[in-house]
Amino acid sequence: MHCHKRALCVSAAGGGFRVFRRFSQRFEVSTRFRGAYEFFEPLDRSPITEERQGPRFEAGLGAAYNPLPTLRIDANATYMNKQADVDYYTYQGPLAALSATYLLGSGQFLLGSFL
């Protein structure tokens, strides 16, 4: 991978799964898990970028609702755990997200999200 010198460059190796249950044409719930090892490339401006390397795990629940054929609303709650080579790049905790996608037509859409 080639990284631009002024950008943070990260690659990851891992996998995950998602299981969902559709209750109707308009409503579904899901659970998911993802795990990966993140590799950070060193930067000229920040030689300590490599200290961010380490495993990252996510587990969460979500729901999707389609009140209209052109509108989808998603709500998700996730628990994240990131381990790094140094403690000050390690974090864990919850993340909640709400998003709406509206199809405008002709291949265009409007996406709004709140984290």
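Just above sits the structure.
Residues numbered from 1 in each chain as written. Predicted model: local features only at pLDDT ≥ 70, side-chain atom pairs only at ≥ 80, totals over all residues. Heavy atoms only, no water.

J.: Would you mind going over the overall build of the chain in detail, with residue names and values included?
T.: In terms of regular secondary structure, the chain is built from 0 helices and 6 strands. When each of the 115 residues of the chain is scored for burial, the buried share is 23%. Considering only contacts within the chain whose residues lie at least 6 apart along the sequence, 45% involve residues at least 24 apart. Roughly 8,300 Å² of accessible area belongs to the chain as shown, and the carbon and sulfur atoms make up 59% of that amount. (Helix = DSSP H or I, 4+ residues; strand = E, 2+ residues; numbered from the N terminus. Buried < 20%, exposed > 50% of the residue type's maximum accessible area, 1.4 Å probe, protein only. Contact = heavy atoms within 4.5 Å. Areas by Shrake-Rupley, 256 points an atom, 1.4 Å probe, with all protein chains shown as cover.)

J.: Mind laying out the sheet that holds strand β5 (residues 91-105), listing which residues take part and the relevant values?
T.: Read from one edge to the other, the open sheet built from 6 strands follows the order β1-β2-β3-β4-β5-β6, with strand pairing classed as antiparallel. Strands at the two margins of the open sheet, each flanked by one partner only, are β1 (10-22) and β6 (108-114). On average, each strand axis in the sheet is inclined to that of its neighbour by 20 degrees, with strand direction left out of account. Note that strand β2 (residues 27-40) and strand β3 (residues 54-68) share 12 bridges and pair antiparallel. Bridge assignment links Y37 to a residue of β3, and that residue is P55. (Pairing = 2+ DSSP bridges. Axes fitted to C-alpha atoms, helices over the stretch in contact; angles between N-to-C directions.)

J.: Summarise the pairing of β6; cite the residues concerned and give the values.
T.: On a regular strand, each side chain points to the face opposite its neighbour's, so the side chains alternate between the two faces of the sheet. Among the 7 residues that make up β6, 0 are buried, leaving the element largely open to the surroundings. Relative to β6, β5 runs antiparallel, the two being bridged by 7 bridges. Residue pairing for β6: T101 is matched across the bridge by L111. Linking β5 back to β6 in an antiparallel pair, the connection comprises 2 residues, with S106 at a positive phi of about 55 degrees.

J.: Residue-level account of the side chain of D74, with values.
T.: Note on placement: D74 falls in strand β4 (residues 71-82). Within the structure, D74 has its side chain in polar contact with the side chain of R72 (distance 3.2 Å). Setting aside residues no more than four positions away along its own chain, D74 makes contact with A63, A64, A97, L98 and S99. (Polar contact = N/O pair within 3.5 Å; in protein donor to acceptor, adjacent residues only side chain to side chain.)

J.: Any chance you could break down the side chain of T78 for me, citing the residues and the numbers?
T.: Checked against the element boundaries, T78 lands in strand β4. At 2.8 Å, the side chain of T78 forms a polar contact with the side chain of R32. Here T78 is in contact with R32, E58, A59, G60, G93, P94 and L95, once residues within four sequence places are set aside.

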